[in-house]
Amino acid sequence: RIDNDFDQRLLTSFVNRLFTVSSFESDFPLVLDVDGEKGKKIVMPEGIRREQFLQWTEALPDAQSPSWLGLPNNAEKVLLTTQGQDMVTKLLNMQMLSDDDELAYSPDSARKQRRESDPRPAWMRTLHSTAANWLSMIPKDLTPLKRTLDNIKDPLFRYFEREVNTG
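These remarks concern the structure in this document. A quick note: this is a predicted structure, and the numbers were derived from the prediction, not measured.

Thresholds, definitions, all that
Residues numbered from 1 in each chain as written. Predicted model: local features only at pLDDT ≥ 70, side-chain atom pairs only at ≥ 80, totals over all residues. Heavy atoms only, no water. Helix = DSSP H or I, 4+ residues; strand = E, 2+ residues; numbered from the N terminus. Polar contact = N/O pair within 3.5 Å; in protein donor to acceptor, adjacent residues only side chain to side chain. Contact = heavy atoms within 4.5 Å. Salt bridge = Lys/Arg side-chain N within 4 Å of Asp/Glu carboxyl O. Buried < 20%, exposed > 50% of the residue type's maximum accessible area, 1.4 Å probe, protein only. Phe/Tyr/Trp six-rings, centres within 6.5 Å; stacked < 30°, edge-to-face > 60°.

1. Regarding the side chain of Ser 23
Here Ser 23 lies in the loop between α1 (5-18) and β1 (29-31). There is a polar contact of 3.2 Å between the side chain of Ser 23 and the backbone oxygen of Leu 18. Excluding residues within four positions of it along the chain, Ser 23 makes contact with Leu 18, Phe 28 and Met 44.

What follows is the structure, encoded as structure tokens:
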């Protein structure tokens, strides 16, 4: 999906470059200066059968640089760097969340005392208490299910039996 002018111009130039009369010639370069090497190019495959085209595609290098699409060679690194920075920002925001469960009108001394006793953010305390509550609901021992000829025919019995025996 194209949602901005730059991407549309890039796609248009890509299509205009590849879909020309000369693209049907056997020496038509699909990619010029592969991996930044001057003169190195990828040309159209010679062949008319499916097997010949598959053989040509399998002979291509496993790693394709963004320059094959007309992008700068560092485009992938820029994308990964941006994603990494976003992730770190989100992690820092999670750590720095203020205590949402505290009332705005609670006295500062009570708020400070709660933070000193448990310095974790509110979401972390809530998650801990919820997980502890769920763990307390789990039975300590599971009684084995009794296998009978009728039970074995029931898919739910087989499912629960697997779960109980595995757990």
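2. Considerations on the pattern of salt bridges
In the structure shown here, the tally under the stated rule is 1 salt bridge. Across the salt bridge formed by Arg 147 and Glu 161, the nearest N and O atoms sit 2.7 Å from each other. Taken as a pair, Arg 147 in the loop between α5 (122-137) and α6 (149-153) and Glu 161 in helix α7 (residues 155-166) lie far apart in primary sequence, 14 residues in all. Residue class for Arg 147 comes out exposed when judged on its relative accessible area of 53%. Classification of Glu 161 by relative accessible area gives buried; the value is 11%.

3. Some thoughts on the packing of aromatic side chains
Applying the stated criterion across every chain yields a total of 1 aromatic pair. Look at Tyr 159 and Phe 160: their rings are 5.1 Å apart centre to centre, the planes differ by 70 degrees, and that puts the pair in the edge-to-face class. A relative accessible area of 37% means that Tyr 159 is categorised as partly exposed. Take Phe 160: its relative accessible area is 46%, and that puts it in the partly exposed class.

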